[in-house]
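Observations on the three-dimensional arrangement
Here's the letter readout for the chains.
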Amino acid sequence: AQTVTQSQPEMSVQEAETVTLSCTYDTSESNYYLFWYKQPPSRQMILVIRQEAYKQQNATENRFSVNFQKAAKSFSLKISDSQLGDTAMYFCAFMKHESQGNLIFGKGTKLSVKP
Amino acid sequence: EPEVTQTPSHQVTQMGQEVILRCVPISNHLYFYWYRQILGQKVEFLVSFYNNEISEKSEIFDDQFSVERPDGSNFTLKIRSTKLEDSAMYFCASSEGLAGVGEQYFGPGTRLTVT
């Protein structure tokens, strides 16, 4: 069975600084997807970034980038130039390639961006 | 921007009662999902639904659960005989394509409290 572990329950960062959120996963699959979702306070969960395991190049979306280490089964999220609006719960998620939408989530990291 | 909506935002019910949680997915989406999050635990996949049938379900999704798309807009989760351990936040999601390719859009959730 697949598992996703986020070892940092809470983190804080100063506005404009860079922060990295950790995620590790366990799977015997060779082809899969990895995701970071963001859930602001009292708001919907939204997709931040997605990585396909067969792609070696790390995904980037504006200020958000990942460090995908397939052999180490690690998928960290880097947020550059942190903004107050980045304050949220961040969930790492895994999905098998052939899955019909079964996202397997980590427990989340609560990120606070301080002015 | 289109959003997934869910009603009610909070439902309180007595053990043994039936509840129906309602979701309105984004209108051009074809794939629908239910997840739940017990307080303090991970978000867990329940079921995915496509073309009017279940495409994947988890071990949690036993005979007391059912899903339906009764009309062109709603997607419902029914719990036939609620138990105390069904108390959780229930999230609906939808995607245009299969979740690996198409992003899952989440609703704000329904908090179910079983007393």
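Preceding block: the structure.
These lines cover the structure that appears in this document, whether it is placed above or below. These figures come from a predicted structure and were not determined experimentally.

Comments concerning the overall build of chain B
For chain B, the helix and strand inventory stands at zero helices and 11 strands. When the elements of chain B are put in sequence order from the N terminus, they spell out β-β-β-β-β-β-β-β-β-β-β. Relative to a compact globule of 115 residues, whose C-alpha radius of gyration would be 13 Å, chain B shows 13 Å and is just as compact. In terms of principal-axis extent, the alpha carbons of chain B reach across some 40 × 30 × 30 Å. Buried positions account for 49% of the 115 residues belonging to chain B.

Here we look at the overall build of chain A
Assigned secondary structure in chain A consists of zero helices and 12 strands. A compact globule built from 115 residues should have a C-alpha radius of gyration of about 13 Å, and chain A, at 14 Å, falls within 12% of that. Dimensions of chain A along its principal axes, counting C-alpha atoms only, are 40 × 30 × 20 Å. Excluding contacts between residues fewer than 6 apart, the proportion of contacts in chain A whose partners are at least 24 apart in sequence is 56%.

Let's talk about the environment of T18 of chain A
All names here are of chain A. In this fold, T18 is placed in the loop between β2 (10-14) and β3 (19-21). It is 15 Å that separates the C-alpha atoms of T18 and E61, two residues lying 43 residues apart in sequence. Apart from the residues within four sequence positions on either side, T18 is in contact with V13, K78, I79, S80, D81 and S82.

Digging into the state of the cysteines
Residue and element names in this part refer to chain A. All chains considered together, the criterion is met by two disulfides over all chains. Covalent S-S linkage joins C23 and C92, the inter-sulfur distance amounting to 2.0 Å. Here C23 and C92 share a disulfide; its torsion about the S-S bond, -70°, makes the bridge left-handed. In this pair, C23 sits in the loop between β3 and β4 (24-26) while C92 sits in strand β10 (residues 88-96), placing the two residues 69 residues apart along the sequence. By relative accessible area, C23 is classed as buried at 1%. For C92, a relative accessible area of 1% gives the class buried.

A few points about the interface of chain B and chain A
Counting residues at the interface gives 24 residues for chain B, matched by 19 residues for chain A. At the junction of chain B and chain A, the tally comes to zero salt bridges. Taken together, the connections running from chain B to chain A amount to 11 residue pairs in polar contact (both at pLDDT 80 or more). Of all elements in the fold, only β4 (31-37), β5 (43-50) and β6 (53-57) of chain B reach the threshold of two or more residues within the side of chain B that touches chain A. For the side of chain B that touches chain A, a count of residues per class yields 11 nonpolar, nine polar and four charged.

With respect to the environment of P8 of chain B
All names here are of chain B. With respect to the secondary-structure elements, P8 resides in the loop between β1 (5-7) and β2 (10-13). Judged by relative accessible area, P8 falls into the partly exposed class, the value being 27%. The sequence separation of P8 and R111 amounts to 103 residues, and the corresponding C-alpha distance is 8.2 Å. With residues near it in sequence (within four places) discarded, P8 still touches G109 and T110.

Quick look at the side chain of S95 of chain B
One can find S95 of chain B in strand β9 (residues 88-95). A distance of 2.5 Å separates a polar atom in the side chain of S95 of chain B from the backbone oxygen of G97 of chain B.

Here is what the cut-offs are and how they apply
- Residues numbered from 1 in each chain as written.
- Chains lettered and ligands numbered in written order.
- Predicted model: local features only at pLDDT ≥ 70, side-chain atom pairs only at ≥ 80, totals over all residues.
- Heavy atoms only, no water.
- Helix = DSSP H or I, 4+ residues; strand = E, 2+ residues; numbered from the N terminus.
- Rg over C-alpha atoms; globule rule 2.2 N^0.38 Å.
- Buried < 20%, exposed > 50% of the residue type's maximum accessible area, 1.4 Å probe, protein only.
- Contact = heavy atoms within 4.5 Å.
- Disulfide = S-S within 2.5 Å.
- Salt bridge = Lys/Arg side-chain N within 4 Å of Asp/Glu carboxyl O.
- Polar contact = N/O pair within 3.5 Å; in protein donor to acceptor, adjacent residues only side chain to side chain.
- Nonpolar A, V, L, I, M, F, W, Y, C, P; charged D, E, K, R; others polar.

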